[in-house]
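Chain residues, written in single-letter form:
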Amino acid sequence: MKKAWLAITTCLLTVSCSSSPTPDCIYNCAPSTNVSDNNINNNNHLNGNNNHIALTETQRQALLKYFESQVKKQWGDDDYLQAGKHRYVKYFDGYRTRAHIDFDNGKIYVSTIANYAPQGTLKKAIEETLLMPADPSQVDLFSDQSVPLSNKPFLLGQVKDHQNQNIQWPWRAGKYADYLIANKLKTKKLQQGTAYYVEIDMVDDHLEQREYQYADIIRQAAKRYDIDEDLIYAIVKTESSFNPYAVSHAGAYGLMQVIPKTAGADVFNLVKNKPGIPTKEYLFNPANNIDTGAAYFYILKNRYLKEVQHSTTKHYTMISAYNGGTGGVLATFDPDRKQAMKDINHLQPNQVYWALTNKHPKAEARRYLEKVLNFQKEFESM
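Conventions used here
- Residues numbered from 1 in each chain as written.
- Predicted model: local features only at pLDDT ≥ 70, side-chain atom pairs only at ≥ 80, totals over all residues.
- Heavy atoms only, no water.
- Pairing = 2+ DSSP bridges.
- Helix = DSSP H or I, 4+ residues; strand = E, 2+ residues; numbered from the N terminus.
- Salt bridge = Lys/Arg side-chain N within 4 Å of Asp/Glu carboxyl O.
- Buried < 20%, exposed > 50% of the residue type's maximum accessible area, 1.4 Å probe, protein only.
- pLDDT = per-residue confidence, 0-100.
- Contact = heavy atoms within 4.5 Å.
- Axes fitted to C-alpha atoms, helices over the stretch in contact; angles between N-to-C directions.
- Expected span 1.5 Å × (residues − 1).
- Polar contact = N/O pair within 3.5 Å; in protein donor to acceptor, adjacent residues only side chain to side chain.

Sheet topology note: the strand S2 (residues 97–102)/strand S3 (residues 107–112) ladder contains six bridges and is antiparallel. Across the sheet, His 100 pairs through a bridge with Tyr 109, a residue of S3. Joining the antiparallel neighbours S2 and S3 is a turn of four residues, in which Gly 106 adopts a positive phi near 65 degrees.

Have a look at this one:
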């Protein structure tokens, strides 16, 4: 397996690593790049270094395939679990231990199938999960590397310990881990052996707690790109449930689920005036992610859909295009793009809405528009 992975990586990057082949080889063997951000008015914004190159689709698929093989080797096919848009999944300890956060249902599961000292292994994983950083760019979801601790953990306020206290420091996380293992430890027989696990309930308003974390960033991005704040909130809730660690099978990252090679590339090229595409580390940073997602709405509004005349119709088409692309929006009305735009402008907004939610080529896009608008109404009333 190691020789095969080294061959794949060498072929992909045309470089070789001196260390044993792991997914890190994809990132760290390539030369680093330094890229600064500029906002729509070319003012300095979010200046920083991009210390990794962006993966090609072939490289990304190879990384995921390697990661999946390592996880299934430990957990088996039936108990394989991977991070998604609304769930966080992180493996530790040679892929024998994992943390799983279900953001939709407010549940945290920390499990291990380690044969040696499973309770000690579980305690360490619980502590790292409770103290995981708010910046996902510091965490590699697709390896078994440890999670760095943070002075202000991402889950702060979203979880209370057995004394109903917030968990910010290692000593409190350790005490809570001890309590969970002593009083809440469960076991389950798996194909690969016995799993030891604990289940942690998040607080009732965990979603609102995450929303508060990004209020300033969303406010600034809305102002910078002249996009409604409640629209950005609605997109983030739809795409990720305010999970900054969100990933998708399509290769989208972060709160607004930006795909580097499409929306990310457009923002770099058309708004930021910089070459290339954003890396996953760049997009995992919440401020970068929301800025990029809002900037893409700016492009949709002022470039790809600028000919849409009615403001409400433009709003509908922008939301639909964010999910299914501008081409999908136009294809809903006519195969010819120019004729499609004419048809859109001849219809009333409610007619355009009906078409996009009933005739769009992609079923996901049909549901997407309705869901985002419903969430937007919720945020408008707040």
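Back to the text.
Taken as a whole, this structure holds 14 salt bridges when the rule is applied. In this structure, Asp 216 and Arg 219 form a salt bridge, with 2.6 Å as the shortest nitrogen-oxygen distance. Taken together, the residues span about one helical turn, with Asp 216 and Arg 219 both in helix H7 (residues 215–225) at a distance of three residues. In this structure Asp 216 comes out as partly exposed when scored by relative accessible area, which is 46%. What you see here is one network of salt bridges that share partners, running through Lys 107, Glu 199 and Asp 201.

Moving on to unusual backbone geometry. Backbone geometry at Ala 117 places phi at a positive 50 degrees, although glycine is not the residue there. Note that Ala 117 resides in the loop between S3 and helix H4 (118–130). Residue Ala 117 is classed as partly exposed on the basis of its relative accessible area of 38%.

Turning next to the confidence of the model for the protein. In this model, the protein carries a mean pLDDT of 87, and residues with pLDDT of at least 70 account for 86%. Predicted confidence is poor over residues 1–51, with pLDDT under 50, and the contacts of this stretch with residues over four places away or in other chains come to 99 contacts.

A word on the sheet that holds strand S4 (residues 186–190). Taken together, five strands build an open sheet; the order of strands is S1-S2-S3-S5-S4 and the sheet is antiparallel. With one partner strand each, in any of the chains shown, strand S1 (87–92) and S4 form the two edges of the open sheet. Taken pair by pair, the neighbouring strands of this sheet meet at an average axis angle of 20 degrees, ignoring direction. Bridge analysis of S4 against strand S5 (residues 193–201) gives five bridges, and the strand direction is antiparallel. Pairing of Lys 186 across the sheet is with Tyr 197, part of S5. Seen against the sheet, H4 touches S1, S2, S3 and S5 and runs at an angle of roughly 145 degrees to S3.

An α-helix turns once every 3.6 residues. As a result, residues three or four positions apart point the same way. Helix length check: helix H3 (residues 57–75) (19 residues) gives 26 Å between terminal C-alpha atoms against 27 Å at 1.5 Å per residue, within 8%. Taken together, the buried positions of H3 are Gln 59, Arg 60, Ala 62, Leu 63, Leu 64, Tyr 66, Phe 67, Gln 70, Val 71 and Trp 75. Where H3 terminates, the next one or two residues include Gly 76, which has phi positive at roughly 85 degrees.

Within the secondary structure layout, Asn 243 lies in the loop between helix H8 (229–240) and helix H9 (260–271). Within the structure, Asn 243 has its side chain in polar contact with the backbone nitrogen of Tyr 245 (distance 2.9 Å). Apart from residues no more than four positions distant in its own chain, Asn 243 is found in contact with Gly 84, Lys 85, His 86, Arg 87, Tyr 88, Phe 103, Arg 210, Gly 254 and Leu 255.

Bringing H9 into the picture now. With twelve residues, H9 extends just 14 Å between its outermost C-alpha atoms, more than 12% less than the 16 Å of an ideal straight helix rising 1.5 Å per residue. Residues of H9 that are buried: Pro 260, Ala 263, Gly 264, Ala 265, Asp 266, Val 267, Phe 268 and Val 271. On its buried face, H9 is in contact with H7, helix H10 (280–284) and helix H11 (286–304). One or two steps after H9, the chain reaches Asn 273, where phi turns positive at roughly 55 degrees.

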